Structure formats: C-alpha cells, structure tokens
There are 2 protein chains.
Amino acid sequence: MIAEKMKSMVANSSAIRAMFEEGNRLAKIYGAENVFDFSLGNPNVPAPEAVKQAVRELIDEEDPIALHGYTNSNCGYADVRETVAASLNERFGTKLEGKNIVMTVGAAGGLNVILKSLLNPGDEVIAFAPYFGEYRAYTSNYDGVLVEVSPDTDTFQPKLEEFEGKITPKTKAVIVNTPNNPTGVVYSEATIKKLAAIMEAKQKEYGTEIFLISDEPYRELVYDGAEVPYLTKYYNNTVVAYSYSKSLSLPGERIGYLVIPDEAADSADLLGAANVATRILGFVNAPTLQQKVVARCIDEKTDISYYDRNREALYNGLRECGFVCAKPEGAFYLFVKSPVADEKEFCAAAKKYNILIVPGSSFACPGYVRLAYCVAYETIVNALPKFKELAKEYF
Amino acid sequence: MIAEKMKSMVANSSAIRAMFEEGNRLAKIYGAENVFDFSLGNPNVPAPEAVKQAVRELIDEEDPIALHGYTNSNCGYADVRETVAASLNERFGTKLEGKNIVMTVGAAGGLNVILKSLLNPGDEVIAFAPYFGEYRAYTSNYDGVLVEVSPDTDTFQPKLEEFEGKITPKTKAVIVNTPNNPTGVVYSEATIKKLAAIMEAKQKEYGTEIFLISDEPYRELVYDGAEVPYLTKYYNNTVVAYSYSKSLSLPGERIGYLVIPDEAADSADLLGAANVATRILGFVNAPTLQQKVVARCIDEKTDISYYDRNREALYNGLRECGFVCAKPEGAFYLFVKSPVADEKEFCAAAKKYNILIVPGSSFACPGYVRLAYCVAYETIVNALPKFKELAKEYF
C-alpha cells in the first residue's frame, strides 16, 4: 500500500532498527556497560546550563500566547533572525540581515526547505563521497538526482578534478559538509577557493546558477584550532544550513537555520520560496520556544574538551591496535579503514566483541567504517581491549 | 532560479504577506485597537498553566541529554506514544498501542508524513470544499492530484453523491476536517457512516485501498455539547492527524501526532513508512521537550468558554447586521456569505472599516468569507458597529 519510492527506504530503515535492537538485546545479556555502541551521532555532552536558564526565564517572563504562537513569518521571529545575523556578521565578517535568515527544524529541515525551493525534476545535486546518506533521500524527495563524486581515501578532501567533470547544465546544487560526517575532515580555505573557482567557471560556461549548499551542523566542533572557512565569502550562490543539534546539544529539539545571502542569485525569490517551503512541507515554523532559547544562548557552546579527550583516546588506541585512520579535525567521528575489503564483514566481526559500528557503504564509501565518539569516555577505555582482540583477527 | 512548482505559490504567499503588512500599516495609522483583524487562526487563549509547570519540571528534573536528544525511533518517545494511545483508548474506546502513534511536527507535519508515505505520482486525494487550501500543496508535494468535491452551501456538510462519483481507481486518500476550517461545521455520525459505506463499496469495486485521513486540530474546540465521532471506529483504513496547536494553544511549538491503527491495510508497513518519512522530510522527530510536555498535560484543555463567548457575540452581531452564516459547532471560525458574488470585493470593502477577513476562494468556496474569532472579545465588540456600517452598503 505504501508509496513505491518508500519501499526500499523502509527496508533499509528496518536494517538500522535491527541494529539498534541488537544493541538493546546485547545490553540485556551482557549489561549496558559491556556493550560499546559507536553507531549513533547523538551528542552526550549536556546542553549548556544557559539553555536551562533561558527556558526557565522565557517560561516565567514571556506572554505564553506570543511564546508558543505561530510566528508572523514562516521564517521565524524577526528578533531571533536579527540576533543570528548579527552574530554571524561579528564572527565571520558577513553582511547579513535578519531577512537573510530562515529559522528551520534543524539542518535536515533546512536542507529539505532549500532543495524544495530549488529543484525541478531531473535537476542534479552533487555530493562528495563519503557523505551523509540522507542527502540522497532529501534530493529524491523533490525528484532531483544525486550525483556522486568518488572519495579520495588518502585525504578525504573533495576530488576536484572529478567534480569538475561531473558538473552538467542540469547541476543545480552542490552539497558540502565540513567538518565532515563521517570523516571529521575540514575542507581547507585553499580547497574551498578551488571548488568555488570551478563552480564559477561552470556557471559561466553553461549560463546557469549552481548553488553551493553548506551543511554545517559540526561547525563549532573543531579541534587543535582548526579553521572552518565561512563559505558565503568565497562564492555568491552559497546557502548555509546550520543546526544547534551539536553546538548546543539540542538534536531532539529541531532547531537550526538557513542563511540565504543577498549575493545569491534571485535572493528575494529564493527567500520567498524558502518561506513557502517551510509552510507547505508542514514545518510551518521552527519550534518557537527553541527559537528564543538559541537567540538567548547565541554565544554559548558545548564543552568541546569532552569530545576532544574522546577523540585522542580512541584515535590513539585504535592506531596502537594497528587500525588505520585519518586524525579528524572536527565533528565526533572516526572513519577507519576496514582491515578486509567488505567492511560489513568487519562490522559483523566487531559485533562479536559487542562493538557496534556503521559500515562506510552507508556513506557511499565501502571499505571503511564510522565510529561515533560522542560516547562516555569509559566506553572508549573499556572498548579498547576489545578492539585489541578484534585487531588480532587481522594483523 | 526557484523551482517551477514554487513560483505560483510564492506569488500567492506574497499576497498573504501583503495583507498582513496592510494590517500593520493600518495599525500604525489608526492604532492597533482600531484595526479588526479576523484573518488569522492563531489561538489567543494562553496555554494552560499546567504547560508552564510541565516545562519547569522537565527542565529541572530530567537529564538534559535525554530530554533534548534524538528519540530512539523517529516516531517519538515510547512512553509518550503509550500515554497518547492510552488516553485515546479511554476517551474513544479505541484499542491503540504506543506503536500506532507517530509523534509529528503538528498536524501539518503529520499530513505531509502520511501523504509522503502513501502517494505515488498521479494518485488522487479527495477533499470537500470548503477546505484548508494547504491540502493542495501537501498533495502536490508528493506529485498527487487534489480532487475537489464542490461545497454544499446550505449545510456545509460533504456532498456525498458527488463524492461517490469522484472516487476512481486512482483515489488513494480522502481528507476530512471536522470540526471544519473554515465553516466550524461538525460532520455528524450519520454522515460519517454514509461516507465510510461509500468508501468501503468503492474499495471493493476497484480492489483498492482508500485511506480516510482525518485532520483534527479542532477536535477539542466544540460548543453546545457537539459530538465529534472518532473516525477509526467507522472505517478501517483511517489515519488521524492531530495537533495540540489549538487544544493546548501551542501552535508555534509544532507538536501533534498521527494515529495509524492496526486495522489499516498493511499497517506495519505504513508505520514503517511514516517513521522513514518523518526522518527524510527533515522533521527527524517531533520536538522532544514538547513531546514530554503534552504527555504530562494529556488531560488538559484550553479554555473553550473564551471562544464560545466570542462565537455568540460575533454570530449574533453579524446576524443582526443582516449577514447570513451557519452557526458553527466547533473550531473558531465563522463562514459568512458575501453580500456580493465576488467576495474579494467584499473583503476590500471591509478593509475600508479596518476589518480584515479572508476570501472564501482561499478555501475553494468563493462567495463566502472566513472570520477567525480567536481574537480579544473587545475586538468583536468594537468591530460590530463597523460591521453595521459595512452592512448598510449592501442591505
């Protein structure tokens, strides 16, 4: 009875659910402390205390009709949008106004809104493997076609030559995700400049507009002083999709924003379309209480040192076992080379030690596995001897 | 640059925004108290005190990682889903379990999720005029075709004979909205039984499954003891889309649910598809704090007496002026016959008296206008002399 498009996705989803249930099953048999679940990107650092305080104050001080009511614009509260714009201007030297900000139901909501606003059936969206698998579904929602650039498994930077060859007159958008899920790699300024130059040239060649969509839920999660270039400054047709899921540890609350700068082609139309898309996709507006919370917590950040300690412990521990992986500069994932070609076999082997990890083929990059280290430090400490045993099967 | 599908919608949306801005402009000139804005369905009764209390307790008592984290299932917290199911069972004698409930980003989010789950391109969705105009966009989002049954302007009950003739082998769903926006009419049990019998017969005739989607944001807003039948009991292939927007005055928070009962065809698949649709449309899950709030406030209701007083005052006042309209049994709208055939002309005339109302053509029912009486009582009292002047132009 269900829609044709949904059938394979429901089957896939059942596989993920099966994995989750397997984790629960193992926890029941061996105890939760003896199951090492590195499969989920759910932040485990609590939201800053300021979030709690903001909620309390808003509930006590604000008129509930205004606090919980529809916003006048589907793009969100005017004052919240202005606060976000001012903060970006201060941090990145942009010249944004409130009107350039669309408050969204997280970055996933924002990506759907912008793709709905842009795509005609058959339009192509380019993504660089490895990439977050949902990009394929988001693109397909609007009858677009996802075009993949193969991974550079030496550096996990984008393969720019292949990229250039894959841009066609049907290319409507390019999605980049830096810091990257699943690799933790940050694209350097030099890379961004080259990527922008290629897109500029292709726009001229084809007489088209190609949008660079920057999916940035991990912007704030960087280590060792890594810099994440702000992409609107390098390419006019840039749209940023941001989320507070990781920076304020609010993933379940579904709060983020889109940036649509004046420099983007037909910016006013695009903002109008994003406003309508927000409404007709059923979001209507980003949750109102959380809009006000993030505005009050605009300068707050999650405790990055927690993830950094995990990163060091897991990265060093795995290397000592003989596993190969690039040291991530951002996000909270390690992308580890599978010691056997079929990484699903490796994931199955890991499960024998109660270690749960995600195959790279979920990110269009088979032969690798993703470990999310947004877990308790003890989970890493206790898992390392198990990884050692697992490594002995291969090295 | 924007998607073809969006172009006319952006133009329409600009017209609505223009109306809103006109309201602001008039307020600046004449003072907000001298502008009578009946255009918006934004509840103006505050959320019950229990909502405030629930937020405070949750923030103080719950682990923020769990409170603001992703839910294990995209359908929402297991305990919240069970609480909703138990409450429905108690109120309506249904036999639902937690698994039959999908927590959604309001009813608009729920309708998008279920249409995404069901529709193949070209599938038909039937709606009874007058209907909420967004149904057309929701259907078009998934390449479905909205088929309209013309309004019965005597009773505003569904025209069942015409309905029967419009069901085809391509009919995948029928949307009903009772209590109705824009008329306030409640469909009687007798009507629902006839409608169900027609759909049963057509399912048999065509060998298809046709889903009855009940959009129920106004279920709790009924007057004079009117009964709103619970549709899952009359027809197996029923899906309910509910919202707390009106019942708890939380429209901006985007919290509601879908009911997909076991009796629905391929119920497990449909629940699986709704889970995936929630994720890939970018909702990911209904906002987590608000999920827990509504579970704690499951027996709370908004103060209906406020709307009831408004209903009586506006209905009686308009009738005294000579306007014709059915007395609504539910929701917070009056649907008034325009004294001239072109109701947009009437809306323009009303604006001369600083009265803002919505043309019925927005609800596929020209010749009528919608007045939302979720306004301050004083707005009605002060508007009535203006309506009297307006009436003099016609009667």
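Report on the accompanying structure.

Analysis parameters
Residues numbered from 1 in each chain as written. Chains lettered and ligands numbered in written order. Predicted model: local features only at pLDDT ≥ 70, side-chain atom pairs only at ≥ 80, totals over all residues. Heavy atoms only, no water. Helix = DSSP H or I, 4+ residues; strand = E, 2+ residues; numbered from the N terminus. Rg over C-alpha atoms; globule rule 2.2 N^0.38 Å. Buried < 20%, exposed > 50% of the residue type's maximum accessible area, 1.4 Å probe, protein only. Contact = heavy atoms within 4.5 Å. Areas by Shrake-Rupley, 256 points an atom, 1.4 Å probe, with all protein chains shown as cover. Pairing = 2+ DSSP bridges. Axes fitted to C-alpha atoms, helices over the stretch in contact; angles between N-to-C directions. Least-squares fit on C-alpha atoms with pLDDT ≥ 70 in both. Salt bridge = Lys/Arg side-chain N within 4 Å of Asp/Glu carboxyl O. Buried area = accessible area lost by both parts, 1.4 Å probe. Polar contact = N/O pair within 3.5 Å; in protein donor to acceptor, adjacent residues only side chain to side chain. Nonpolar A, V, L, I, M, F, W, Y, C, P; charged D, E, K, R; others polar. Parallel < 35°, antiparallel > 145°, perpendicular 65-115°, else oblique. 1 Å grid on protein atoms, 1.4 Å probe; cavity = no way out; pocket = protein on both sides within 12 Å on 5 of 7 lines; lining within 4 Å. Points joined across faces, edges and corners; volume = space filled by probe spheres on them. Expected span 1.5 Å × (residues − 1). Core = buried A, V, L, I, M, F, W, Y, C linked by side-chain atoms within 4.5 Å.

The next point concerns the overall build of chain A. Tallying secondary structure elements over chain A gives 13 helices and 12 strands in all. Against the compact-globule benchmark of 21 Å for 395 residues, chain A has a radius of gyration of 21 Å, which places it among compact chains. A principal-axis box enclosing the C-alpha atoms of chain A has dimensions of 60 × 55 × 50 Å. Taking all 395 residues of chain A together, the buried fraction comes to 62%. Partitioning the contacts of chain A with sequence separation of at least 6, the portion at a separation of at least 24 is 74%. Here chain A has roughly 14,300 Å² of accessible surface; of this, 50% comes from carbon and sulfur atoms.

Our focus in this paragraph is the sheet that holds strand β9 (residues 333–337) of chain A. Residue and element names in this part refer to chain A. Ordered in space as β9-β12-β11, the 3 strands form an open sheet in which the pairing is antiparallel. Edge positions in the sheet fall to β9 and β11 (358–359), since each has one partner strand and no second. Where β9 meets strand β12 (residues 368–372), 5 bridges bridge the pair, whose relative direction is antiparallel. Residue pairing across strands places Y333 opposite A372, the latter belonging to β12. Across the sheet, helix α11 (residues 304–321) lies against β9 and β12, angled at about 10° from β9, the strand it touches most.

We now examine the relation of the copies chain A and chain B. Superposition record for chain A on chain B: RMSD 0.0 Å, screw rotation 180°, translation along axis 0.0 Å. What the superposition gives is, in effect, a two-fold axis relating one chain to the other. Proximity to the rotation axis, assessed at the C-alpha, singles out A:R56 in chain A; its C-alpha lies 3.2 Å from the axis. Both copies present the same face, since 100% of the interface residues in chain A are matched by interface residues at the equivalent positions in chain B.

A word on the pattern of salt bridges. Going through the model one piece at a time under the given rule, you end up with 44 salt bridges over all chains. For the salt bridge of A:K172 with A:D123, the shortest nitrogen-to-oxygen distance reads 3.5 Å. One end of the pair, A:K172, is in strand β5 (residues 171–176); the other, A:D123, is in the loop between α5 (106–118) and β3 (124–128), with 49 residues separating them in the sequence. Judged by its relative accessible area of 9%, A:K172 falls in the buried class. Two residues, B:R311 and B:E312, come together in a salt bridge whose shortest N-O distance is 3.4 Å. Taking relative accessible area as the criterion, B:R311 reaches 0% and is therefore assigned buried. Here the salt bridges share partners, and the residues they tie into one network are A:E57, A:E61, A:E62, A:K292 and A:R296.

Here we take up the interface of chain A and chain B. Of the residues lining the interface, 77 residues belong to chain A; the matching set on chain B comes to 77 residues. Each partner contributes to the roughly 6,100 Å² buried at the junction of chain A and chain B, and carbon and sulfur atoms together form 58% of this total. At the junction of chain A and chain B, the tally comes to 4 salt bridges. The interface formed by chain A and chain B includes 40 residue pairs in polar contact (both at pLDDT 80 or more). Contributions of two or more residues to the side of chain A that touches chain B are made by α1 (4–30), α2 (49–61), α3 (64–67), α5, α6 (134–141), α9 (267–280) and α10 (288–296) of chain A. In terms of residue count, the dominant contributor to the side of chain A that touches chain B is α9(A) (9 residues). In the side of chain A that touches chain B, the residues fall into 39 nonpolar, 21 polar and 17 charged.

All names here are of chain B. Along the polypeptide, G225 turns up in the loop between β6 (211–215) and β7 (238–243). G225 gets classed as exposed once you look at its relative accessible area, which sits at 63%. Considered as a pair, G225 and V102 are 123 residues apart in the sequence and their alpha carbons are 29 Å apart.

Take unusual backbone geometry next. Across the junction of B:T178 and B:P179, the peptide omega takes the value -5°, indicating a cis bond. In the Ramachandran plot, A:N354 falls in the positive-phi region, its phi being about 60° despite a non-glycine side chain. Looking at the element boundaries, A:N354 is found in the loop between α12 (343–351) and β10 (355–356). Judged by its relative accessible area of 7%, A:N354 is buried. Non-glycine residue B:D143 carries a positive phi angle of around 60°. Tracing the sequence through the fold places B:D143 in the loop between α6 (134–141) and β4 (145–149). Under the relative-accessibility criterion, B:D143 is labelled partly exposed at 25%.

The subject of this paragraph is the packing of α9(A) against helix α1 (residues 4–30) of chain B. α1(B) packs onto α9(A) with a crossing angle of 90° between their chain directions and a minimal axis gap of 9 Å. Judged by the inter-axis angle, α9(A) sits roughly perpendicular to α1(B). Every residue of α1(B) that contacts α9(A) at A:G272, A:A273, A:N275, A:V276, A:A277, A:R279 and A:I280 is listed here: B:M6, B:M9, B:V10, B:S13 and B:R17. Among the residues making up the contact of α9(A) with α1(B), the classes are represented as 7 nonpolar, 3 polar and 2 charged.

On to empty space enclosed by the protein, then. On inspection of all chains with the given rule, the structure shows 6 cavities of 30 Å³ or more. Roughly 60 Å³ of volume is contained in the largest cavity. Taken together, A:I59, A:E62, A:P64, A:L67, A:H68, B:A47, B:P48, B:E49, B:V51 and B:K52 make up the full set of residues lining the largest cavity. Elements that contribute at least two residues to the lining of the largest cavity include exactly α3 of chain A together with α2 (49–61) of chain B. Taken together, the residues of the lining of the largest cavity sort by class into 6 nonpolar, 1 polar and 3 charged. When its volume is computed, the second largest cavity comes out at roughly 40 Å³. Taken together, A:F128, A:P130, A:Y131, A:F132, A:Y135, A:I175, A:V176, A:N177, A:N180 and A:Y187 make up the lining of the second largest cavity.

So, about the side chain of A:Q290. Counting through the fold element by element, A:Q290 comes out in helix α10. A:Q290 sits in the buried class, given a relative accessible area of 3%. Look past the residues within four positions of A:Q290 in its chain and what remains in contact with it is A:L250, A:E253, A:I255 and B:L289.

Along an α-helix, residues three or four apart share an orientation, since each turn contains 3.6 residues. Residues and elements named next belong to chain A. With 18 residues, α11 ought to run about 26 Å at 1.5 Å a step, and its terminal C-alpha atoms sit 26 Å apart, in line with that. What α11 keeps buried is the set Y307, N310, R311, A313, L314, Y315, G317, L318 and C321. Elements in contact with the buried residues of α11: β9, β12 and α13 (377–392). Positive phi appears at G322, one or two residues downstream of α11, with a value of about 110°.

Let us look at the nonpolar core. The biggest cluster of nonpolar side chains holds 90 residues, and the ones touching the most others in it are A:M6, A:I114, B:M6 and B:I114. Not counting residues up to four positions away in its chain, the partners in contact with B:M6 are A:K116, A:S117, A:A273, A:V276, A:A277 and A:I280. Judged by nonpolar contacts, the second largest core, of 62 residues, contains A:V51, A:V259, B:L96 and B:L289.

Attention shifts here to the sheet that holds strand β6 (residues 211–215) of chain A. Residue and element names in this part refer to chain A. Taken together, 7 strands build an open sheet; the order of strands is β2-β8-β7-β6-β5-β3-β4 and the sheet is mixed. If you trace the sheet from one side to the other, it starts and ends with β2 (101–104) and β4 (145–149), each paired once. The sheet shows a mean angle of 20° between the axes of neighbouring strands, taken without regard to direction. As defined by bridge partners, β2 adjoins strand β8 (residues 256–259) across 4 bridges and the pair is classed as antiparallel.

Our focus in this paragraph is the pairing of strand β8 (residues 256–259) of chain B. Residues and elements named next belong to chain B. Burial of the side chains of β8 extends over both faces: G256 and L258 are buried on one face and Y257 and V259 on the other. The sheet contact formed by β7 and β8 spans 4 bridges and is antiparallel. Each bridged residue has a counterpart across the sheet, and for V240 the counterpart in β8 is V259.

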